[in-house]
Amino acid sequence: MDQYVLVLNCGSSSIKFAIIEAKTGRSPLHGLAENLGTVSSKLGFSYQHKQHDGELPVNTDHQQALAVIADTLKQFEHLSRRIVAVGHRVVHGGEYFTHSTLIDEQVIHAIEKTSLMAPLHNPVNLTGINSAQNAFPHLPHIAVFDTAFFQTMPKHAYLYALPYELYQQHNIRRYGFHGTSHYYVAHEAAKALKKALGNCNLITAHLGNGCSIAAIRQGKAIDTSLGFTPLEGLMMGTRCGDIDPSIPAYLIEQLGYSASEVSELLNKESGLLGISKLSNDCRTLEQQAKEGNLQAKLALDMFIYRLVKYIGAYLAVVGTLDALVFTGGIGENSAYVRESTISQLQHLGLELDAEKNLEMRFGQSGLISHNSSKPIFAIATNEEWVIAKDAMLYVH
Ligand code: AMP
């Protein structure tokens with residue numbers, strides 16, 4: 001009989017949920033409770049490709065939303081009685097967690113301790129865990145960390161060149177995020193190459209609203225672009241990526257910003273949105289750039305230029321490359337971004353097959369490189385399946 005895992009991803013005002021078939025990664029039912037804590041709280045879910053939408057009471061909180069989700073799932077008895085575990089996405093595992101883990105008091109305590117470093121994410125992840133434990137008290141609950149895959153990074157890669165005691169006493173270092181996505185596409189690329197992941201040198205680029213790139217040598221992450229928080233590195237939808245670290249002090253001391261205004265500016269008003277002044281959505285910008293909007297074109301050019309620089313840097317550290325992988329909403333779908341990026345990397349042995357590049361979109365995965373190139377893949381990520389598979393390790 002098929003076994004299912006309930007996968008939960010709690011954000012600050014939303015809960016994504018999915019029932020995942022552990023063996024295949026198939027999801028017969030998945031949904032989203034959103035605008036939690038507001039007047040327009042709502043819950044939608046898709047069952048066998050049919051969408052069902054409903055309102056939630058005003059100011060529904062995470063706990064209440066999870067109770068509604070649990071009730072909703074009970075209506076699909078043939079699925080819910082086969083749920084054998086609950087997998088929770090937890091954004092920050094600090095240095096405590098190198099692997100997914102069964103949640104107990106100690107684990108909750110350690111996640112609480114890392115909340116200082118991820119104040120927007122870990123507290124709501126904990127609320128989600130707590131509420132789900134109440135709603136599903138008889139199931140094992142497993143935490144899967146966005147940071148865990150990057151715990152193999154060597155010290156020379158994860159340290160900042162700051163006074164060493166900031167690392168020793170305050171854990172200030174690079175952690176990396178999107179780990180489950182990088183891990184999944186790395187595995188899929190190794191499978192496609194017919195090699196063991198442990199024998200593969202890969203560069204994986206997760207390009208969505210948040211963006212990160214990872215250097216993977218012999219199957220282990222040795223570097224990644226997101227750092228202490230998910231703000232460093234590539235340009236993103238609304239996040240700035242790399243900037244001169246003096247800019248925040250300048251904004252505060254010379255331009256009168258408060259610390260929280262600076263944080264808002266760097267996280268929510270920058271990136272593609274900040275430059276284009278139009279949108280953080282790559283599709284809109286591609287369309288607008290085609291129609292001659294210069295700011296949209298500039299935003300895309302900057303996004304692509306930075307990506308090219310990071311790929312170049314990681315080619316230098318990863319060893320002989322086995323494959324480059326694109327994933328995430330932009331990486332999986334934007335033939336334009338992939339083409340514009342790779343056309344600048346031909347001198348480093350990377351070249352696309354124009355036709356395959358155009359074809360490989362909308363959930364398809366496969367090779368998009370020219371025969372003469374090092375392999376380049378576009379792979380649809382499936383973080384939920386990684387979470388489900390990890391959760392199954394604790395089902396006996
Ligand atoms: P994600 O955060 O992974 O859901 O990715 C969101 C990003 O993917 C947004 O910037 C979207 O504009 C982008 N995206 C989704 N579909 C396409 C597409 N067909 N072409 C270009 N970008 C896309």
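Residues numbered from 1 in each chain as written. Predicted model: local features only at pLDDT ≥ 70, side-chain atom pairs only at ≥ 80, totals over all residues. Heavy atoms only, no water.

S.K.: Please explain the overall build of the protein chain as it appears in this structure.
M.R.: Per the secondary structure count, the protein chain includes 16 helices and 14 strands. In summary, the protein chain has a C-alpha radius of gyration of 21 Å against a globular reference of 21 Å for 396 residues, a match within 12%. Taking the principal axes of its C-alpha atoms as reference, the protein chain extends roughly 55 × 55 × 45 Å. The contacts in the protein chain between residues at least 6 apart in sequence include a share of 61% that link residues at least 24 apart. Roughly 18,600 Å² of accessible area belongs to the protein chain as shown, and the carbon and sulfur atoms make up 53% of that amount. Counting 31 positive and 37 negative side-chain charges, the protein chain places the averaged centre of each group 6 Å from the other. (Helix = DSSP H or I, 4+ residues; strand = E, 2+ residues; numbered from the N terminus. Rg over C-alpha atoms; globule rule 2.2 N^0.38 Å. Contact = heavy atoms within 4.5 Å. Areas by Shrake-Rupley, 256 points an atom, 1.4 Å probe, with all protein chains shown as cover. Lys, Arg positive; Asp, Glu negative; His and termini not counted. Charge placed at Lys NZ, Arg CZ, Asp CG, Glu CD.)

S.K.: Looking at this structure, how should I read the site of the ligand?
M.R.: The local shell around the ligand holds 14 residues, among which Asn209, Asp281, Cys282, Arg283 and Gly329 are the closest. For the ligand, a nitrogen atom lies 3.5 Å from a polar atom in the side chain of asparagine 333. In isolation the ligand offers 500 Å² of accessible surface; the protein chains occlude 75% of this area. Within the residue set of the shell around the ligand, elements represented by two or more residues are helix 11 (282-290) and helix 13 (328-333). Here the shell around the ligand gets four residues from one element, more than from any other, and that element is helix 13. (Near = heavy atom within 4 Å. Polar contact = N/O pair within 3.5 Å; in protein donor to acceptor, adjacent residues only side chain to side chain.)

S.K.: Sorry, what's going on with helix 12 (residues 294-318) here?
M.R.: Residues separated by three or four positions in an α-helix point in the same direction, a consequence of the helix having 3.6 residues per turn. Its 25 residues give helix 12 an end-to-end C-alpha distance of 36 Å, which sits within 8% of 36 Å, the value for a rise of 1.5 Å per residue. Taken together, the buried positions of helix 12 are Ala296, Ala299, Leu300, Phe303, Ile304, Leu307, Val308, Tyr310, Ile311, Tyr314, Leu315 and Val318. The backbone nitrogen of glutamine 295 lies 3.0 Å from a side-chain oxygen of the residue at the head of helix 12, namely asparagine 293. Just past helix 12, the residue glycine 319 takes up positive phi, approximately 90°. (Expected span 1.5 Å × (residues − 1). Buried < 20%, exposed > 50% of the residue type's maximum accessible area, 1.4 Å probe, protein only.)

S.K.: What am I meant to see in helix 9 (residues 259-268) here?
M.R.: Along helix 9, the residues that are buried comprise Val262, Leu265 and Leu266. Buried residues along helix 9 cover an arc of 90° about the axis, so they all sit on one side. Where helix 9 is buried, its residues meet helix 8 (246-253). (Arc of directions from axis to C-beta.)

S.K.: Is there a simple way to explain the sheet that holds strand 8 (residues 141-145) in this structure?
M.R.: Adjacent strands of a sheet pair through backbone hydrogen bonds, lying either parallel or antiparallel. Ordered by their spatial adjacency, eight strands build an open sheet running 5-4-3-2-1-6-8-7, and the pairing between neighbours is mixed. This sheet does not close on itself; its edge strands, each paired only once, are strand 5 (50-55) and strand 7 (101-102). Sheet analysis places strand 7 next to strand 8, joined by two bridges and oriented antiparallel. Note on strand 8: the bridge partner recorded for threonine 101 is alanine 143. (Pairing = 2+ DSSP bridges.)

S.K.: Quick question: what am I supposed to make of the pairing of strand 5 here?
M.R.: Looking along a regular strand, one sees the side chains alternate between the two faces of the sheet. Within strand 5, only zero of the six residues are buried, which leaves it mostly out in the open. With six bridges joining them, strand 4 (residues 42-47) and strand 5 adopt antiparallel strand pairing. Opposite phenylalanine 45, over in strand 5, you have histidine 52 as the bridge partner.

S.K.: Could you clarify how one ought to interpret the sheet that holds strand 14 (residues 376-378) in this entry?
M.R.: The strand order across the open sheet formed by six strands is 11-10-9-12-14-13, and the pairing between neighbours is mixed. Edge positions in the open sheet fall to strand 11 (220-224) and strand 13 (366-367), since each of these has one partner strand only. Sheet topology places strand 9 (residues 202-207) next to strand 12 (residues 323-327); five bridges connect them, and they run parallel. Bridging from a neighbouring strand, threonine 204 pairs with valine 325 of strand 12. Across the sheet, helix 7 (residues 179-193) is in contact with strand 9, strand 10 (211-217), strand 12 and strand 14; its angle to strand 9 comes to roughly 130°. On top of the sheet, helix 14 (residues 335-342) reaches strand 9, strand 12 and strand 14; it is set at about 150° to strand 12, its chief contact. (Axes fitted to C-alpha atoms, helices over the stretch in contact; angles between N-to-C directions.)

S.K.: Sorry if this is basic, but what is going on with the UniProt feature "binding site: substrate" (unreviewed entry) in the protein chain here?
M.R.: As annotated in UniProt, the feature "binding site: substrate" (unreviewed entry) corresponds to Arg89 in the numbering used here. With respect to the helices and strands, arginine 89 occurs in strand 6 (residues 83-90). (UniProt positions renumbered as here; feature names shortened; annotations may be inferred.)

S.K.: How do you make sense of the environment of lysine 290 when you look at a structure like this?
M.R.: Its place among the elements puts lysine 290 in helix 11. The class of lysine 290 is exposed, set by a relative accessible area of 73%.

S.K.: Is there a simple way to explain the pattern of salt bridges in this structure?
M.R.: Opposite charge on two side chains lets them pair, provided their charged atoms get close. Within this structure, the stated rule accounts for twelve salt bridges. In this structure, aspartate 281 and arginine 283 form a salt bridge, with 3.2 Å as the shortest nitrogen-oxygen distance. Judged by relative accessible area, which is 66%, arginine 283 ranks as exposed. Linked by salt bridges that have partners in common, Arg174, Asp223 and Glu232 make up one network. (Salt bridge = Lys/Arg side-chain N within 4 Å of Asp/Glu carboxyl O.)

S.K.: Please clarify how the packing of helix 12 against helix 14 should be interpreted in this entry.
M.R.: The description of two packed helices rests on the angle between their axes and on the distance between the axes. Two elements in contact, helix 12 and helix 14, have axes whose closest approach is 9 Å; the angle formed by their N-to-C orientations is 55°. With respect to helix 14, the element helix 12 is oriented oblique. The chirality of how helix 12 crosses helix 14 is right-handed. Each of Lys297, Leu300, Asp301, Phe303, Ile304, Leu307, Val308 and Ile311 in helix 12 lies in contact with helix 14, whose residues at this interface are Tyr336, Val337, Ser340 and Thr341. When its residues are assigned to classes, the contact of helix 12 with helix 14 shows eight nonpolar, two polar and two charged. (Parallel < 35°, antiparallel > 145°, perpendicular 65-115°, else oblique. Left-handed = near helix turned anticlockwise from the far one by under 90°. Nonpolar A, V, L, I, M, F, W, Y, C, P; charged D, E, K, R; others polar.)

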